[in-house]
Amino acid sequence: MRYLTLIIVFSFSLCFSQKNKLPPAEKKAVNKTNFGVGFGVARSVVFLSRNIKEFNDATGWTFNMIYGGHKLVRFAFDYSQFSSLNIEPTWLDIKAKTYEVNIQFIARFKNIKSIIYPITGFSLNQFNGLFTGKEDFQNLREKYSSNTYIKSNWFGTNFGLGYEQAIGPFKAVLSYKMRVGTSDVNAKVNIMDVCYGLGLRYDMKASTPRHFYRTIFRKTRNRYALDVD
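Residues numbered from 1 in each chain as written. Predicted model: local features only at pLDDT ≥ 70, side-chain atom pairs only at ≥ 80, totals over all residues. Heavy atoms only, no water.

Moving on, we get to the environment of Ile-103. As for its position among the elements, Ile-103 is in strand S5 (residues 91–105). Among the residues examined, Ile-103 registers a relative accessible area of 29% and is labelled partly exposed. For Ile-103, the residues in contact, after removing those within four places along its chain, are Val-73, Arg-74, Phe-75, Pro-118, Ile-119 and Thr-120. (Helix = DSSP H or I, 4+ residues; strand = E, 2+ residues; numbered from the N terminus. Buried < 20%, exposed > 50% of the residue type's maximum accessible area, 1.4 Å probe, protein only. Contact = heavy atoms within 4.5 Å.)

This part takes up the nonpolar core. Val-46, Trp-91 and Phe-127 are the most contacted members of the largest nonpolar core, which has 18 residues in total. Within the residue set of this core, elements represented by two or more residues are strand S4 (85–87), S5, strand S7 (114–131), strand S8 (148–167) and strand S10 (189–207). Broken down by element, this core gets its largest block of residues, three residues, from S5. Apart from residues lying up to four places away in sequence, Phe-127 is in contact with Val-46, Phe-47, Arg-50, Ile-87, Trp-91, Ile-94, Lys-95, Ile-150, Lys-151 and Ser-152. Within the second largest apolar cluster, five residues are counted, among which are Ile-115, Tyr-117, Ile-119 and Val-173. (Core = buried A, V, L, I, M, F, W, Y, C linked by side-chain atoms within 4.5 Å.)

We now examine the pairing of S5. Pairing of strand S3 (residues 73–82) with S5, which is carried by nine bridges, proceeds in the antiparallel orientation. Opposite Phe-75, over in S5, you have Ile-103 as the bridge partner. The pairing of S4 with S5 spans two bridges and is classified as antiparallel. Bridging from a neighbouring strand, Leu-85 pairs with Ile-94 of S5. Relative to S7, S5 runs antiparallel, the two being bridged by twelve bridges. Note that in S7 the partner of Tyr-99 across the bridge is Leu-124. (Pairing = 2+ DSSP bridges.)

Here we come to the pattern of salt bridges. For the structure on display, the rule yields ten salt bridges. One salt bridge connects Glu-100 with Lys-177, and the closest N-O pair in it is separated by 3.0 Å. Taken together, the positions of Glu-100 in strand S5 and Lys-177 in strand S9 (residues 170–182) put the pair 77 residues apart, joining distant regions of the chain. Summarising the burial analysis for this pair, Glu-100 and Lys-177 share the class buried. Two residues, Lys-171 and Asp-203, come together in a salt bridge whose shortest N-O distance is 3.0 Å. A residue pair is termed long-range when its members are at least 10 positions apart, and Lys-171 in strand S9 and Asp-203 in strand S10 qualify at 32 residues. You can call Asp-203 buried: its relative accessible area is 16%. Via salt bridges that share partners, Arg-74, Glu-164, Lys-171, Arg-201 and Asp-203 belong to a single interconnected network. (Salt bridge = Lys/Arg side-chain N within 4 Å of Asp/Glu carboxyl O.)

This part covers the packing of aromatic side chains. For the coordinates displayed, the defined rule picks out eleven aromatic pairs. Judged by centre distance (5.3 Å) and plane angle (55°), the ring pair of Phe-39 and Phe-63 falls under tilted. Remark: Phe-63 occurs in strand S2 (residues 58–68) and Phe-39 occurs in strand S1 (residues 32–44); sequence separation between them is 24 residues. Assessed through its relative accessible area of 54%, Phe-39 is described here as exposed. (Phe/Tyr/Trp six-rings, centres within 6.5 Å; stacked < 30°, edge-to-face > 60°.)

A contiguous nonpolar surface patch, about 460 Å² in accessible area, is contributed by Val-41, Phe-109, Tyr-163, Leu-174 and Leu-198. With respect to the helices and strands, Tyr-163 occurs in strand S8. Overall, Tyr-163 belongs to the partly exposed group, its relative accessible area being 33%. (Patch = residues over 30% accessible without salt bridge, like charges linked within 9 Å, V, L, I, M, F, W, Y side chains within 5 Å. Areas by Shrake-Rupley, 256 points an atom, 1.4 Å probe, with all protein chains shown as cover.)

Residue-level pLDDT values for the protein average 83, and 77% of them are 70 or greater. Scored below 50 in pLDDT, residues 18–22 makes five contacts in the model with residues more than four places away or belonging to other chains. (pLDDT = per-residue confidence, 0-100.)

Turning our eyes to something else, we now look at unusual backbone geometry. Note that the residue after Glu-88, namely Pro-89, is joined by a cis bond; omega there is 0°. Within the fold, Pro-89 resides in the loop between S4 and S5. You will see that Asp-93, though not glycine, has its phi angle at about 50°, which is positive. Within the secondary structure, Asp-93 sits in strand S5.

Written out as C-alpha cells, the structure is:
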C-alpha cells in the first residue's frame, strides 16, 4: 500500500511538472475534444471494515464514460455492479454498486499511444445484504436487528492511478483506486475500499464546452438579429 501511494504522488508531480515545462506556443482555439464510452471488469473489497477476510473480493462489471483530454484534464463517470458476495457468517447475499465522478490528470508519453493519469473524485457506494448477527465483531447488533436485510450507503473520496494503451481504435484501460470514507462503527476516516479495473474504451470526437456554447450562442443571436437602417 505504501508503494502504491508513492507511485500516485509521483504521478501527480510528473503531470504538473510536465505542464510547467511545456515551451511557450501560440494560442490556438481548440474546438474538439474526446468523448469515450467503455466497458470492463472490476474487483473490489466492497466494504473493507466489514470484509476482513483474505481473498474475498467481489468481481463485477463496470461502465464508464470520459469527456475531455484535449488538455491535461478530463472528467470521468464510472458505474460498477458486483456479483453477490458472502462475508460468512455475519453477512450473506451482499449486493454492491458504486457510482463515481472523477477528475483525471493526464501525463502523456512520447509515443502518444500510452497515457498515465492520477485519479481523484467522489463516489456513492451501496452495500446491501442480510445481516445474520453471528460473530458480530463490530457489535453492529446495537444498530441492526439480526436476520434483517440491511441497505447501507456511504460516500467516499477516490484516489488512484490509471493507465491506458491505444490498440487500434480502442483504448485498453487499467486502474487502481482507494476509497476513503467514514466507517459506520467508529465514525473515523479510513480506507473503505480498494478496487482494480480492466476494460476497453472507444473514443469519439466531441465539441469542447466553449465551442459548443459559442456555436449555440451564435445561432441564437443570428436567428433574432434585426437589420436596422
